[in-house]
Amino acid sequence: MYLVLLGPPGAGKGTQAAILARKQKLAHISTGDMLRDAVKDGSDLGLKARQYMDRGELVPDDVVVGITRERLQAPDARRGFVLDGFPRTAAQAEKLDEILVDLDMQLQMIVNLEVPERELIRRLTGRRVCPKCAKSYHLVFNPPRSLGICDECGNDLVQRDDDKESTVRQRLEVYHKQTEPLVQYYSESGLLFTIDGIGSVQQVNERLEDLLE
Ligand code: AP5
Ligand code: MG
Ligand code: ZN
């Protein structure tokens, strides 16, 4: 299964992609996570990406397309993937089409998670993440079993630098300008499905799994 999760920042792409990947044995490909890893490593790519990420802007297409192309070539991706946070611009969507043709893979579905803006802001400003395994939590909506500690690996949870309210608003604006037009792009392909992203993590997961069946 080759799948794309689309939706605004905070819609629950990462949360749902992680569950799907585990249950359906898919590669979870998150460009946000890959870029944060590069920042943590202090690589040239990380240094470049960081300037954009801290401002809530998109990292240039050529950078993101390059790392995604490489990731899609790995054997685990061939067995099935869920793309989380890519594509995010029309140029990225066109490149993805080209890459998949080259790799002889075909998208089965693009799922758009719909969540109203007020809820997105609540989700993002209350989010805490594990810097080690990238699992994401919420102080109120999706808390870890013990306060401030990752359920999966026991690491201390942190707040992402770009989850401050001012940066969150900037990311939402960037989403409307640059990413939302992809809904139109994909609806023309006939592969786009929209699901309601409101409700518990579990409820949204059930909607997603029903759709995949
Ligand atoms: P990225 O990491 O992709 O951030 P984003 O799109 O802004 O999305 P988020 O990770 O914030 O949201 P999500 O939908 O994954 O939500 P989550 O599941 O965590 O990108 C970061 C930056 O990297 C970008 O700003 C850009 O600079 C750069 N970048 C990345 N990809 C790029 C690309 N393709 N091109 C260019 N630049 C790129 O959930 C959010 C919160 O809600 C959590 O606290 C979670 O616990 C909670 N939650 C989840 N589901 C529910 C629910 N059902 N009910 C209540 N709470 C919930
Ligand atoms: Mg995410
Ligand atoms: Zn962890």
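First, a word on scope: everything that follows refers to the structure included in this document. Bear in mind that the values here come from a model prediction, so they are computed numbers and not experimental data. (Residues numbered from 1 in each chain as written. Chains lettered and ligands numbered in written order. Predicted model: local features only at pLDDT ≥ 70, side-chain atom pairs only at ≥ 80, totals over all residues. Heavy atoms only, no water.)

## Some points on the packing of aromatic side chains
Here is step 1: Scanning the entire structure with this criterion turns up two aromatic pairs.
Here is step 2: Between Y2 and F81, the aromatic rings sit 4.9 Å apart at their centres with planes inclined by 25°, giving stacked as the arrangement. Of this pair, Y2 sits in strand β1 (residues 2-6) while F81 sits in strand β3 (residues 81-84), and the two are 79 residues apart along the sequence. For the pair Y2 and F81, one class covers both residues: buried.
Here is step 3: Here Y185 and Y186 contribute two aromatic rings whose centre-to-centre distance is 5.1 Å and whose plane-to-plane angle is 85°, an arrangement assigned as edge-to-face. (Phe/Tyr/Trp six-rings, centres within 6.5 Å; stacked < 30°, edge-to-face > 60°. Helix = DSSP H or I, 4+ residues; strand = E, 2+ residues; numbered from the N terminus. Buried < 20%, exposed > 50% of the residue type's maximum accessible area, 1.4 Å probe, protein only.)

## Some remarks on the packing of helix α1 (residues 13-24) against helix α10 (residues 201-212)
Here is step 1: It is the contact of α1 with α10, at a shortest axis distance of 10 Å, that shows an interaxial angle of 55°. On the basis of their axis angle, the class for α1 and α10 is oblique. Crossing handedness for the pair α1 and α10: right-handed. Only V201, V204, N205, L208, E209 and L212 of α10 make contact with α1, whose side of the interface consists of T15, Q16, I19, L20, K23 and Q24. (Axes fitted to C-alpha atoms, helices over the stretch in contact; angles between N-to-C directions. Parallel < 35°, antiparallel > 145°, perpendicular 65-115°, else oblique. Left-handed = near helix turned anticlockwise from the far one by under 90°. Contact = heavy atoms within 4.5 Å.)

## Notes on helix α6 (residues 90-102)
Here is step 1: Over its 13 residues, α6 runs 19 Å from end to end, which matches the ideal 18 Å to within 8%, given 1.5 Å per residue.
Here is step 2: Turning to α6, its buried residues number three or more, namely Q92, A93, L96, I99 and L100. Considered in projection along α6, the buried side chains sweep an arc of 120° and stay on one side of the axis. Across α6 from its buried face, at more than 90 degrees, point the exposed residues V101 and D102. (Expected span 1.5 Å × (residues − 1). Arc of directions from axis to C-beta.)

## A look at the coordination of the zinc ion (ligand 3)
Here is step 1: Taken together, C130 (SG), C133 (SG), C150 (SG) and C153 (SG) make up the full set of protein donors to the zinc ion (ligand 3), lying 2.3 Å away.
Here is step 2: One can describe the site at the zinc ion (ligand 3) as tetrahedral: its four donor atoms subtend angles covering 97 to 122° at the metal.
Here is step 3: Between the donor residues of the zinc ion (ligand 3), the gaps in sequence give the motif C-x2-C-x16-C-x2-C. On the criterion of sequence distance, the pair formed by C130 in the loop between β5 (127-129) and β6 (136-138) and C153 in the loop between β6 and α8 (165-179) is long-range, its members being 23 residues apart. (Donors = N, O, S within 2.8 Å, 3.2 Å for Na, K, Ca; no water. Tetrahedral: all angles 85-135°; square planar, octahedral: opposite > 155°, others 65-115°.)

## A look at the nonpolar core
Here is step 1: L72, F81, L96, L107 and Y186 are the most contacted members of the largest nonpolar core, which has 29 residues in total.
Here is step 2: Listed by contribution, the elements that provide at least two residues to this core are β1, β2 (27-30), α3 (44-55), α4 (61-72), β3, α6 and α9 (181-187).
Here is step 3: With five residues, the top contributor of residues to this core is α4.
Here is step 4: Non-local contacts of L72, meaning those with residues more than four positions away in its chain, are made with I29, A77, F81, L96, I99, L100, L103 and M105.
Here is step 5: Within the second largest apolar cluster, 21 residues are counted, among which are A11, V111, L120 and V168. (Core = buried A, V, L, I, M, F, W, Y, C linked by side-chain atoms within 4.5 Å.)

## Quick word on a nonpolar patch on the surface
Here is step 1: A cluster of nonpolar residues, L139, V140 and F141, forms a patch on the protein surface that exposes about 310 Å² of accessible area.
Here is step 2: For L139, the location among the structural elements is in the loop between β6 and α8. (Patch = residues over 30% accessible without salt bridge, like charges linked within 9 Å, V, L, I, M, F, W, Y side chains within 5 Å. Areas by Shrake-Rupley, 256 points an atom, 1.4 Å probe, with all protein chains shown as cover. Salt bridge = Lys/Arg side-chain N within 4 Å of Asp/Glu carboxyl O.)

## Some thoughts on α3
Here is step 1: Residues G46, A49 and M53 constitute the buried set of α3. Buried positions in α3, seen along its axis, are confined to an arc of 70° and lie on one side of it. Away from its buried face by more than 90 degrees, α3 exposes D44 and L47.
Here is step 2: Residues of α3 that are buried make contact with α2 (31-41).
Here is step 3: One or two residues past the end of α3 sits G56, with phi positive at roughly 80°.

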